[in-house]
Amino acid sequence: MTTSVILLLLRIVAAPTVAEWSVVPVLDSIRRVERVITAELGGKERLVIALHDGRLKVISWDKGNWRVLNETLPCRFPYGLAAVKARDDGVIRLYTGFAECPHIVEMEWDGNALKSRPFSAPGTATTGIGGGLSKLDDRGRLFLFRTFKGPLRPHCELPTHQRMEECRFETDGLSCGEIFRGCGEADIFFNPWKAGASDLLLATGMILVRSSGTWEHSDESFFGPGHVSTHREGIVYSEFSEFKFDPTGRRIEIRAIGGEHRSFERALVGAILRADGTERAYRGSTDGYLLEYSLVFKNPDYPTIGSWSEERILRGRYPKIVVGDLRGDGRERLYAIEDARPNRLVEISYVPKKRVVVVMNPVTDDDSGSILGNLMRSRFKTFGSFDIVELENIDAIKRERRFQASLCRDPECLASLGRTASAQYIVSGAVKRKNGSYDTAFSVVNAKTKGTVLKVERTGIREGQLLDAIEAISSKIASNWPREYKPATGD
């Protein structure tokens, strides 16, 4: 038995683009920003900005308004800013060091302000800072990339060198020990995800793994000049590549991101901004655009085979970008320093335009068509960016235009039906029974160009797994929907 199915008609309302981007000013006149991070302080996520002149701004969303707390650091040039659990009490605190002062400053949220404590540490200045809880003993660590006087190391440009120091808080201050030597600067990430039992330390130019009491250094210095950004599930974005690690901390996969190396301002930042729950990467470019990178799979059934696509989504210069849920509504947004006159902090969020979807009952030789159609409609509703059109409306169009669904299978006919329904795309599919199993093939047709823009195929579906397979295929079609962005505009 062969089942030919016209599954979906998609109409984009009001404009050809499927997405809008909202840019909302948060704070004006921000000059000479050194570091920007998001941190959970006092049980609330906040944005922390360290300025060149030694000022610190802590920004939070409170009762519908942005609140700004201003603090003054003991030195200028704050170099490195981290929010970590460096002590054994599980409290997140801020830590920063300075390019011209030997101090390390610890800041703890105390009611409505920050309480500061200075500490001394080995070395003369800080070029990187980070920390967290060790997986070996669940105790806090603070890692400092510090400057020391001494002979030049290979590839170093200044008559100093840097050491990675691992520190513990003791009753009389910080107790530190050297674990690595290098030069330059480093964003430091310690155990940035939960998988595995080994300690993993990532920084510019280094991968350090500790399974027992000794740090092992990888010779692969893949974190080139610039910064490192980490996100969920063992994903690391560094310069123009994505890296994944196995539970031991050894690198297992590298995927290049982007075609042209436009910017060395900031590493890619991973974020889940869309309703489909997919993580994408974002960065600012020196030619004046905010770029979005998405993994594109030729066959969604094989998620390890794919490449990154690059899209310009906003006009503007954004050299520093972080991710956070500052509004506390469960949605991630980008927070960026916009290089304008004067500079300002802006909030960038994704605002999807509702897609109006018509899900046809499949044409079948039995009574299974309505079951599959209801399943498709139910699954598309879960994505939040689709409106489901009543089936009676499309049936009325078919009767009026005398479309025969069983014969309308080629892209030209499907495109005609889509245009009649004011749709932009049509998704059609077929389910074939073969030797006790099912083979399926689905495609997305552009109603305007009549071209096929997406294909999803699956074979060998067992008798009792057809409904689960149709639901999974629906999710893949919705989450891998062809994206046609309106080009960014502006002067």
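Before any of the text, the structure's been laid out above.
Residues numbered from 1 in each chain as written. Predicted model: local features only at pLDDT ≥ 70, side-chain atom pairs only at ≥ 80, totals over all residues. Heavy atoms only, no water.

S.K.: What should I look at first to understand the overall build of the protein chain in this one?
M.R.: Summing up its helical and strand segments, the protein chain has four helices and 34 strands in all. Across the 491 residues in the protein chain, those meeting the buried criterion constitute 52%. Of the contacts formed within the protein chain by residues at least 6 apart in sequence, a portion of 52% connects residues at least 24 apart. Surface exposure of the protein chain reaches about 22900 Å², of which carbon and sulfur atoms provide 47%. (Helix = DSSP H or I, 4+ residues; strand = E, 2+ residues; numbered from the N terminus. Buried < 20%, exposed > 50% of the residue type's maximum accessible area, 1.4 Å probe, protein only. Contact = heavy atoms within 4.5 Å. Areas by Shrake-Rupley, 256 points an atom, 1.4 Å probe, with all protein chains shown as cover.)

S.K.: How should I be thinking about the side chain of Glu-292 in this particular structure?
M.R.: As for its placement among the helices and strands, Glu-292 is situated in strand 25 (residues 289–296). Among the polar contacts listed, one links the side chain of Glu-292 to the side chain of Arg-274, at a separation of 3.0 Å. (Polar contact = N/O pair within 3.5 Å; in protein donor to acceptor, adjacent residues only side chain to side chain.)

S.K.: What should I look at first to understand the packing of aromatic side chains in this one?
M.R.: In this description, an aromatic ring pair is defined by two values, namely the gap between the centres and the angle between the planes. Applying the stated criterion across every chain, the model contains nine aromatic pairs. Here Trp-21 and Tyr-282 contribute two aromatic rings whose centre-to-centre distance is 6.3 Å and whose plane-to-plane angle is 70°, an arrangement assigned as edge-to-face. Within this pair, whereas Trp-21 is found in strand 2 (residues 19–28), its partner Tyr-282 is found in strand 24 (residues 280–284), the two being separated by 261 residues in sequence. Here the two residues Trp-21 and Tyr-282 agree in accessibility, since each one is buried. Between Tyr-95 and Phe-169 the ring centres are 6.0 Å apart and the planes differ by 40°, which places this aromatic pair in the tilted class. You can see Tyr-95 sitting in strand 8 (residues 93–98) and its partner Phe-169 sitting in strand 13 (residues 160–170), a full 74 residues away along the chain. Per residue, the accessibility class of Tyr-95 equals that of Phe-169, and both read buried. An aromatic cluster is built from Trp-21, Tyr-282 and Tyr-350, whose rings are joined through pairwise contacts. (Phe/Tyr/Trp six-rings, centres within 6.5 Å; stacked < 30°, edge-to-face > 60°.)

S.K.: What should I look at first to understand the sheet that holds strand 9 (residues 103–110) in this one?
M.R.: In any sheet, the strands associate via hydrogen bonds between backbone groups, in a parallel or an antiparallel arrangement. One open sheet holds the four strands; their spatial order is 7-8-9-10, and the pairing between them is antiparallel. A single partner strand is all that each edge strand has here, and the edge strands are strand 7 (78–84) and strand 10 (113–120). When strand polarity is set aside, the average angle formed by the axes of neighbouring strands in this sheet is 20°. Pairing of strand 9 with strand 10, which is carried by eight bridges, proceeds in the antiparallel orientation. In the sheet register, His-103 faces strand 10, and the bridge partner there is Ser-120. (Pairing = 2+ DSSP bridges. Axes fitted to C-alpha atoms, helices over the stretch in contact; angles between N-to-C directions.)

S.K.: I'm lost on the pairing of strand 16 (residues 199–203) in this one. Help?
M.R.: Every other side chain in a regular strand lies on the same face of the sheet, so the side chains alternate between the two faces. With respect to burial, strand 16 is a largely interior element, five of its five residues being buried. Burial along strand 16 is two-sided: Asp-199, Leu-201 and Ala-203 facing one way and Leu-200 and Leu-202 facing the other are all buried. With two bridges joining them, strand 15 (residues 189–190) and strand 16 adopt antiparallel strand pairing. Its bridge partner being in strand 16, Phe-189 is matched across the sheet by Leu-202.

S.K.: What should I look at first to understand the state of the cysteines in this one?
M.R.: Note on terminology: disulfide describes a covalent bond linking the sulfur atoms of two cysteines. One pass over the full model with this rule turns up two disulfides. Bridging Cys-167 to Cys-176, the disulfide has an S-S length of 2.1 Å. Torsion about the S-S bond of the Cys-167 and Cys-176 cystine: about 110°, corresponding to right-handed handedness. For Cys-167, a relative accessible area of 0% puts it in the buried group. (Disulfide = S-S within 2.5 Å.)

S.K.: Got a minute to help me understand the sheet that holds strand 5 (residues 55–62) in this structure?
M.R.: Reading across the sheet, the four strands line up as 3-4-5-6 and stay open at both edges, with antiparallel pairing between neighbours. Each end of this open sheet is capped by a strand with a single partner; those strands are strand 3 (33–41) and strand 6 (65–72). Direction aside, neighbouring strands of the sheet carry axes that sit 20° apart on average. When strand 5 meets strand 6, the two strands line up antiparallel, connected through eight bridges. Residue Ser-60 lies in a different strand from strand 6, and its bridge partner there is Arg-67.

S.K.: What is the right way to look at the nonpolar core in this model?
M.R.: Across soluble globular proteins, nonpolar side chains have a tendency to be buried as a group. By size, the foremost hydrophobic cluster in this structure holds 19 residues, and its most contacted members are Val-431, Phe-442, Val-444, Ile-470 and Ile-477. Residue assignment for this core shows that the elements contributing at least two residues are helix 1 (369–381), strand 32 (425–434), strand 33 (437–446), strand 34 (452–462) and helix 4 (466–479). Looking at this core, the element that brings in the most residues is helix 4, giving six residues. Other than its neighbours up to four places away in sequence, Ile-470 contacts Leu-372, Leu-375, Met-376, Val-431 and Phe-442. Judged by nonpolar contacts, the second largest core, of 18 residues, contains Leu-41, Cys-75, Trp-109 and Leu-114. (Core = buried A, V, L, I, M, F, W, Y, C linked by side-chain atoms within 4.5 Å.)

S.K.: Any chance you could explain the pattern of salt bridges here in plain terms?
M.R.: Here the idea is simple: oppositely charged side chains can pair when their charged atoms come close. Tallied over the full model, the rule gives 21 salt bridges. Taking the shortest distance from any N to any O, the salt bridge between Asp-137 and Arg-141 comes out at 2.9 Å. Its salt-bridge partner being Glu-338, residue Arg-344 comes within 2.4 Å of it at the nearest N-O pair. Relative accessible area serves as the criterion here: at 24%, Arg-344 is assigned to the partly exposed category. The class of Glu-338 is buried, set by a relative accessible area of 11%. Residues participating in the shared-partner salt-bridge network are Arg-87, Asp-89, Arg-93, Glu-106, Glu-108 and Arg-117. (Salt bridge = Lys/Arg side-chain N within 4 Å of Asp/Glu carboxyl O.)

S.K.: Hey, could you run me through helix 1 in this one?
M.R.: Side chains three or four residues apart in an α-helix point the same way, a direct result of the helix having 3.6 residues per turn. Compared with the 18 Å implied by 1.5 Å per residue over 13 residues, the 19 Å span of helix 1 between its first and last C-alpha is a close match. Regarding helix 1, the residues found buried are Gly-369, Leu-372, Gly-373, Met-376, Arg-377 and Phe-380. Considered in projection along helix 1, the buried side chains sweep an arc of 135° and stay on one side of the axis. (Expected span 1.5 Å × (residues − 1). Arc of directions from axis to C-beta.)

S.K.: I would appreciate a short explanation of the side chain of Glu-347 in the present structure.
M.R.: Considering the arrangement of structural elements, one finds Glu-347 in strand 29 (residues 344–352). Classification of Glu-347 as buried rests on a relative accessible area of 2%. Within polar-contact distance, the side chain of Glu-347 engages the side chain of Tyr-335 at 2.6 Å. Not counting the four nearest positions on each side in its chain, Glu-347 is found in contact with Ser-22, Val-23, Val-24, Val-26, Trp-66, Arg-327, Arg-333, Leu-334 and Tyr-335.

S.K.: Just to check I follow, could you spell out the pairing of strand 24 for this structure?
M.R.: Counting buried positions along strand 24 gives five out of five residues, so the element sits mostly inside the fold. Neither face of strand 24 is left uncovered, since the one carrying Arg-280, Tyr-282 and Gly-284 and the one carrying Ala-281 and Arg-283 both have all their residues buried.

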